[in-house]
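# Structural overview for review
These are the residues of each chain, in order.
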Amino acid sequence: MATVTATANATATDGFRPHRVVVLALDGLLPFELGIPHRIFGRPRDAEGRLLYEVVTCSVRPPGPVDTDADFAIQVPNGPEALATADTVIVPASYELGPVFEEGVLTPELADALARIRPGTRLASICTGVYVLAAAGLLDGRPATTHWADAERFQQLFPRIEVDADVLFIDDGDVLTSAGVAAGIDLCLHMVRRDFGTAVANDVARRTVVPPHRDGGQAQYIHRPVPDPQLATTTAARAWALGRLHEPIQLRDMAEQEAMSVRTFTRRFREEVGVSPGQWLTQQRVERARHLLESTDLSMDQVATDAGFGTAQSMRQHLQAALGVTPTTYRRTFRTGGGGGGGRSSGFEGYGSESYGGVGAAP
């Protein structure tokens, strides 16, 4: 615990304190999912080069080894006291949750650890880590998701939770849950975007070599995740459209780029991207507007024109629907480095990004 306290005091001397993310390492944890928060939150920096987050790992026991589902254990430097210092607590997946998984109840050791978390702390889970939040009663009456293979059992064990097995992650304000494995990356990038804006999250994504963002509302899997390599794709049409977002773009214009009929193009587009061409264009224009609002001093009319919305009123309506805030509020929040608000959200496609391996909403 001394290590955590010393870091906190050092960063507070100049009035700056990074957002502290405490990751709870439980026996049987998956090393890949434990590493996600450290990789994503360990990268963002401000204009002065200071880390925006501090990531700390803790156990429910005093400092020492924690078993993983692999053939090695990890040495965790902090005990449960670290949870009391957190701004955000993340619970990765574990395969050895015992009564938490079997009966939906916390062990005394885990209950004592969670009781140390301060009111108002943001909570998040990756994959089956959601069982811990559910067993603690933190998800009753709220929406949540987990790995699709566990969703049915999870719903039976916790009938008071609104389980959605189709989405990658759910942001319900102060509690966020994600599906399995790579969806944890989507969730953590979403939190960075929510805290510090699009530019910071996109920079982390580039450094991590992943798409800036997958829509949280995308399905966890589809029956045909990868298009037949013998068939033509819609990649060129998407690239063509991204270079012309400021212009009117018709569906037939995109179809012509691939020498397809509108009907064939629309079907292939849904198979590859998971949404319709029209929905995708709107997502890209929203993301373009977000980027311009964060990084330029262009007027609202200029941003609307450059993003392809035509008028400031049209842009306002689309951003209000997509983000829950007006363009003016969004600019004021992220141009000053402030954090994003709460509220349930599923995120939006990153500007110029593509989904992992064709995973998307079912056609």
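Attention in this report is confined to the structure presented alongside it.

Cut-off values and rules
- Residues numbered from 1 in each chain as written.
- Predicted model: local features only at pLDDT ≥ 70, side-chain atom pairs only at ≥ 80, totals over all residues.
- Heavy atoms only, no water.
- Salt bridge = Lys/Arg side-chain N within 4 Å of Asp/Glu carboxyl O.
- Helix = DSSP H or I, 4+ residues; strand = E, 2+ residues; numbered from the N terminus.
- Buried < 20%, exposed > 50% of the residue type's maximum accessible area, 1.4 Å probe, protein only.
- Pairing = 2+ DSSP bridges.
- Axes fitted to C-alpha atoms, helices over the stretch in contact; angles between N-to-C directions.
- Left-handed = near helix turned anticlockwise from the far one by under 90°.
- Contact = heavy atoms within 4.5 Å.
- Nonpolar A, V, L, I, M, F, W, Y, C, P; charged D, E, K, R; others polar.
- Phe/Tyr/Trp six-rings, centres within 6.5 Å; stacked < 30°, edge-to-face > 60°.
- Expected span 1.5 Å × (residues − 1).
- Arc of directions from axis to C-beta.
- Core = buried A, V, L, I, M, F, W, Y, C linked by side-chain atoms within 4.5 Å.

Turning next to the pattern of salt bridges. Scanning the entire structure with this criterion turns up 18 salt bridges. Here glutamate 54 and arginine 20 are joined by a salt bridge, their closest N and O atoms 2.8 Å apart. Taken together, the residues span a long stretch of sequence, with glutamate 54 in strand E2 (residues 53-58) and arginine 20 in strand E1 (residues 19-24) at a distance of 34 residues. On the accessibility criterion, arginine 20 (3% relative accessible area) is buried. Taking the shortest distance from any N to any O, the salt bridge between aspartate 174 and arginine 142 comes out at 2.5 Å. Of the two residues, aspartate 174 sits in the loop between strand E9 (169-172) and strand E10 (175-178) while arginine 142 sits in the loop between helix H5 (130-135) and strand E7 (143-144), which places them 32 residues apart along the sequence. Taken together, the shared-partner salt bridges in this structure form one network comprising Arg17, Asp87 and Arg118.

A word on the pairing of strand E4 (residues 73-76). Only one face of E4 is covered, namely the one carrying Ile74 and Val76; the face carrying Ala73 and Gln75 has none of its residues buried. Bridge analysis of strand E3 (residues 64-67) against E4 gives four bridges, and the strand direction is antiparallel. What sits directly across from proline 65, in E4, is glutamine 75.

In this section: the packing of helix H12 (residues 277-295) against helix H13 (residues 300-307). Packing of H12 against H13 brings their axes to within 9 Å, and their N-to-C directions diverge by 140 degrees. The hand of the H12/H13 crossing is right-handed. Where H12 approaches H13, its residues Arg285, Arg288, Ala289, Leu292 and Leu293 are matched on the opposing element by Met300, Val303, Asp306 and Ala307. Across the contact of H12 with H13, the residue classes break down as six nonpolar, no polar and three charged.

Below, the discussion takes up the packing of aromatic side chains. Tallied over the entire structure, the rule returns eight aromatic pairs. Relative to tyrosine 53, the ring of phenylalanine 41 has its centre 4.8 Å away and its plane inclined at 65 degrees; by these criteria the two rings are edge-to-face. Of this pair, phenylalanine 41 sits in helix H2 (residues 31-41) while tyrosine 53 sits in strand E2; the two residues are twelve residues apart in sequence, bridging distant segments of the chain. Owing to a relative accessible area of 0%, phenylalanine 41 belongs among the buried residues under this scheme. Tyrosine 53 gets classed as buried once you look at its relative accessible area, which sits at 2%. Residues phenylalanine 269 and tryptophan 280 carry aromatic rings whose centres are separated by 5.7 Å and whose planes lie at 70 degrees to one another, so their mutual orientation is edge-to-face. One end of the pair, phenylalanine 269, is in helix H11 (residues 262-273); the other, tryptophan 280, is in helix H12, with eleven residues separating them in the sequence.

On to helix H7 (residues 183-196). Relative to the 20 Å expected for 14 residues at 1.5 Å per residue, H7 spans 20 Å between its end C-alpha atoms, a close match to the ideal helical length. Just downstream of H7 lies glycine 197, where phi reads positive at about 100 degrees.

We now examine H2. Taken together, the buried positions of H2 are Glu33, Leu34, Ile36, Pro37, Ile40 and Phe41. Buried residues in H2, looked at end-on, bunch into an arc of 145 degrees, giving them a common side.

Of all hydrophobic cores here, the largest spans 36 residues; its most connected members are Ile40, Phe41, Ile90 and Met191. Listing elements by their share of this core, those giving two or more residues are E1, H2, E4, strand E6 (122-126), H7 and helix H8 (198-208). Residue contributions to this core peak at eight residues, all from H7. Setting aside anything within four residues of it in sequence, one finds isoleucine 40 in contact with Ile185, Cys188, Leu189, Val192, Val204 and Thr208. In terms of nonpolar packing, the next biggest core, distinct from the first, is built from 32 residues, Val91, Ile117, Val132 and Leu133 among them.

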